2 protein chains.
Amino acid sequence: MTYCAALKLDAGLVFASDTRTSAGVDNASQFCKMKIFERPGDRVLVLLSAGNLAITQTTINLLEKHGRTDDGHPTVWSVSSLFDVAGLVGDAMREVKARDGAYLAQNNLEFNVSFLLGGQIAGEEPRLFNLYSEGNFIEATSETPFFQIGETKYGRPILDRIIRPQTSLADAAKCLLVSFDSTMRSNISVGPPIDILRYERDSLSAGHKWRFHKDDPYLVQIHRLWGEGLKKAFADLPEPPTL
Amino acid sequence: MTYCAALKLDAGLVFASDTRTSAGVDNASQFCKMKIFERPGDRVLVLLSAGNLAITQTTINLLEKHGRTDDGHPTVWSVSSLFDVAGLVGDAMREVKARDGAYLAQNNLEFNVSFLLGGQIAGEEPRLFNLYSEGNFIEATSETPFFQIGETKYGRPILDRIIRPQTSLADAAKCLLVSFDSTMRSNISVGPPIDILRYERDSLSAGHKWRFHKDDPYLVQIHRLWGEGLKKAFADLPEPPTL
């Protein structure tokens, strides 16, 4: 399993991904699920991936390979809109499906993959897309300012309650860490380290990607304080009147 | 969808179930998913059900019908252990599957059903079982004092953090309402009213089943205060140091 989430806020974008992959619980590994395409001053593109690792890696490799080819075809480096980048990611996913899909199906393996794509290209607003395994996609709006992929449910209630378009990037990063903490507590197939990237609107620079290891002092502190805060909030609730 | 949860605590058992059923979002109805078999002083059996409503209702009808038949076969009223009741529920599920399974399969419908069975029979401790659609089952222990069925994930983190065998029945009921509140916030296929039953250990009496309607003052209060408490707990967390 995997857990990735991305938020589109007035102040910019925030991305988070775990790093655990597993082919059964007896075969767990660590892979970064956050891929960054950056040309400072021109574009920052961030891809978070969930699903079959062979599919996600091959999709990203195709995007990179096409981006190095100078044959006039549109690439992640040449198109002028994030909408077109989403189309290119979808095309690459379909290219992988055309090559591998039938072989996966022979072993009853679904073509299971999803991506979150966010970023900004000079001349556009920051944008955020959620790509399905079919290669089509939807875009985040102010009514729905975040997307999640992978193991989404445990960590969703806190995002629903806290995240608004006005939320600051720092608060958003903090909220994502709480969301990941809740998820890792309930699902061992999601695990640290956690990668967090904060993109400031109009900076056109990826800035610093922060990696929170299991024993990172801040992550440990958040884990403890959030558990205590929840218990206190719970204790402060009135007793059921008649039970 | 459905959400049901049951807790096995030192002080007794607490059960909760929502009442929303849906065959597609354009066909939502209200059904109680908590069935009680009670003979005061001798036994209290509580069944919570999730899955295909035709299957769960038929299973319960068969248990009732067999219970009215005095042909010497074991019934929910005659067996002396909750383990044997779990076996009878599994038998009834398999009886329904033998009758309806092939017809469901013709329309590509899974035999989708699960039950939580808890209660106490005189001479035994209170016990709690989780029955799978195959009719087999597991029992709750002090390491795992609760079970959930249906839409389990949104409401699980708060149970993981609060519920211990030592938790009081009142706190457990409160925690279940918070868990249902979080679930209903994120999944519209789980809905009020919510039924809560508190069973006091060794009482051998079902006591009062409480129904919390959507506009129940306590439910509304819990919803508001829990939201505020979470926001405060979140605000009290330190900012990420370097983001």
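To be clear, the structure that these remarks concern was listed above.
Below: a short report on this structure. (Residues numbered from 1 in each chain as written. Chains lettered and ligands numbered in written order. Predicted model: local features only at pLDDT ≥ 70, side-chain atom pairs only at ≥ 80, totals over all residues. Heavy atoms only, no water.)

**A closer look at the overall build of chain A**
Turning to step 1, where the next piece is worked out: The helix and strand tally for chain A stands at five helices and 12 strands.
Turning to step 2, where the next piece is worked out: For 243 residues, the compact-globule estimate of 2.2 N^0.38 gives 18 Å, and the C-alpha radius of gyration of chain A, at 19 Å, lies within 12% of that figure.
Turning to step 3, where the next piece is worked out: For chain A, the C-alpha atoms occupy an extent of roughly 70 × 45 × 35 Å along the three principal directions.
Turning to step 4, where the next piece is worked out: Burial analysis of chain A (243 residues in total) assigns 52% to the buried set.
Turning to step 5, where the next piece is worked out: Considering only intrachain contacts with a sequence separation of at least 6, the fraction spanning at least 24 residues in chain A is 63%. (Helix = DSSP H or I, 4+ residues; strand = E, 2+ residues; numbered from the N terminus. Rg over C-alpha atoms; globule rule 2.2 N^0.38 Å. Buried < 20%, exposed > 50% of the residue type's maximum accessible area, 1.4 Å probe, protein only. Contact = heavy atoms within 4.5 Å.)

**A closer look at helix H4 (residues 169–186) of chain A**
Within an α-helix, residues lying three or four positions from one another point in the same direction, as the helix has 3.6 residues per turn.
Turning to step 1, where the next piece is worked out: Over its 18 residues, H4(A) runs 26 Å from end to end, which matches the ideal 26 Å to within 8%, given 1.5 Å per residue.
Turning to step 2, where the next piece is worked out: The element H4(A) is largely enclosed, with a buried count of 16 among its 18 residues. (Expected span 1.5 Å × (residues − 1).)

**Brief notes about the interface of chain B and chain A**
Turning to step 1, where the next piece is worked out: Across the boundary between the two partners, chain B contributes 43 residues, which contact 43 residues of chain A.
Turning to step 2, where the next piece is worked out: In total, about 4400 Å² of surface goes out of reach between chain B and chain A, with carbon and sulfur atoms giving 69% of it.
Turning to step 3, where the next piece is worked out: The interface formed by chain B and chain A holds six salt bridges in total.
Turning to step 4, where the next piece is worked out: A salt bridge links Asp181(A) to Arg161(B), with the shortest nitrogen-to-oxygen separation between them at 3.3 Å.
Turning to step 5, where the next piece is worked out: Connecting chain B to chain A are 14 residue pairs in polar contact (both at pLDDT 80 or more).
Turning to step 6, where the next piece is worked out: Put simply, the parts of the chain that give the side of chain B that touches chain A at least two residues each are helix H3 (156–162), helix H4 (169–186), strand E11 (194–200), strand E12 (209–212) and helix H5 (217–236) of chain B.
Turning to step 7, where the next piece is worked out: With 13 residues, the top contributor of residues to the side of chain B that touches chain A is H5(B).
Turning to step 8, where the next piece is worked out: Looking at the side of chain B that touches chain A residue by residue, the classes come out as 23 nonpolar, seven polar and 13 charged. (Buried area = accessible area lost by both parts, 1.4 Å probe. Salt bridge = Lys/Arg side-chain N within 4 Å of Asp/Glu carboxyl O. Polar contact = N/O pair within 3.5 Å; in protein donor to acceptor, adjacent residues only side chain to side chain. Nonpolar A, V, L, I, M, F, W, Y, C, P; charged D, E, K, R; others polar.)

**Quick look at the pairing of strand E1 (residues 3–9) of chain B**
Residue and element names in this part refer to chain B.
Turning to step 1, where the next piece is worked out: Most of E1 is tucked away, with six of its seven residues classed as buried.
Turning to step 2, where the next piece is worked out: As paired elements, E1 and strand E10 (residues 146–150) share five bridges and run antiparallel to each other. Residue pairing for E10: Cys-4 is matched across the bridge by Ile-149.
Turning to step 3, where the next piece is worked out: Bridging between E1 and strand E2 (residues 12–17) involves six bridges; their strand directions are antiparallel. (Pairing = 2+ DSSP bridges.)

**Some points on empty space enclosed by the protein**
Turning to step 1, where the next piece is worked out: Within this structure, the stated rule accounts for one cavity of 30 Å³ or more.
Turning to step 2, where the next piece is worked out: In this model, the largest cavity occupies a volume close to 190 Å³.
Turning to step 3, where the next piece is worked out: Lining the largest cavity are 17 residues, and of these Pro157(A), Ser182(A), Leu230(A), Pro157(B) and Leu230(B) sit closest to its centre.
Turning to step 4, where the next piece is worked out: For the lining of the largest cavity, the elements supplying multiple residues, two or more each, are helix H3 (156–162), H4 and helix H5 (217–236) of chain A together with H3 and H5 of chain B.
Turning to step 5, where the next piece is worked out: In the lining of the largest cavity, the residues fall into 11 nonpolar, four polar and two charged. (1 Å grid on protein atoms, 1.4 Å probe; cavity = no way out; pocket = protein on both sides within 12 Å on 5 of 7 lines; lining within 4 Å. Points joined across faces, edges and corners; volume = space filled by probe spheres on them.)

**Describing the layout of surface pockets**
Turning to step 1, where the next piece is worked out: In this model, the largest pocket occupies a volume close to 490 Å³.
Turning to step 2, where the next piece is worked out: Forming the boundary of the largest pocket are 21 residues, of which Ser22(A), Gly51(A), Asn52(A), Leu53(A) and Asn112(A) lie nearest the centre.
Turning to step 3, where the next piece is worked out: Broken down by secondary-structure element, the contributors of at least two residues to the lining of the largest pocket are strand E3 (20–22), strand E6 (43–51), helix H1 (53–68) and strand E7 (113–121) of chain A.
Turning to step 4, where the next piece is worked out: When grouped by side-chain class, the residues that make up the lining of the largest pocket number six nonpolar, 12 polar and three charged.
Turning to step 5, where the next piece is worked out: What lines the second largest pocket is a set of 17 residues, and nearest its centre among them are Thr2(B), Thr21(B), Ser22(B), Gly51(B) and Leu53(B).
Turning to step 6, where the next piece is worked out: Of all the elements in the fold, those that place two or more residues in the lining of the second largest pocket are strand E3 (20–22), strand E6 (43–51) and helix H1 (53–68) of chain B.
Turning to step 7, where the next piece is worked out: A per-element tally of the lining of the second largest pocket places E6(B) first, with three residues.
Turning to step 8, where the next piece is worked out: Taken together, the residues of the lining of the second largest pocket break down into five nonpolar, 11 polar and one charged.

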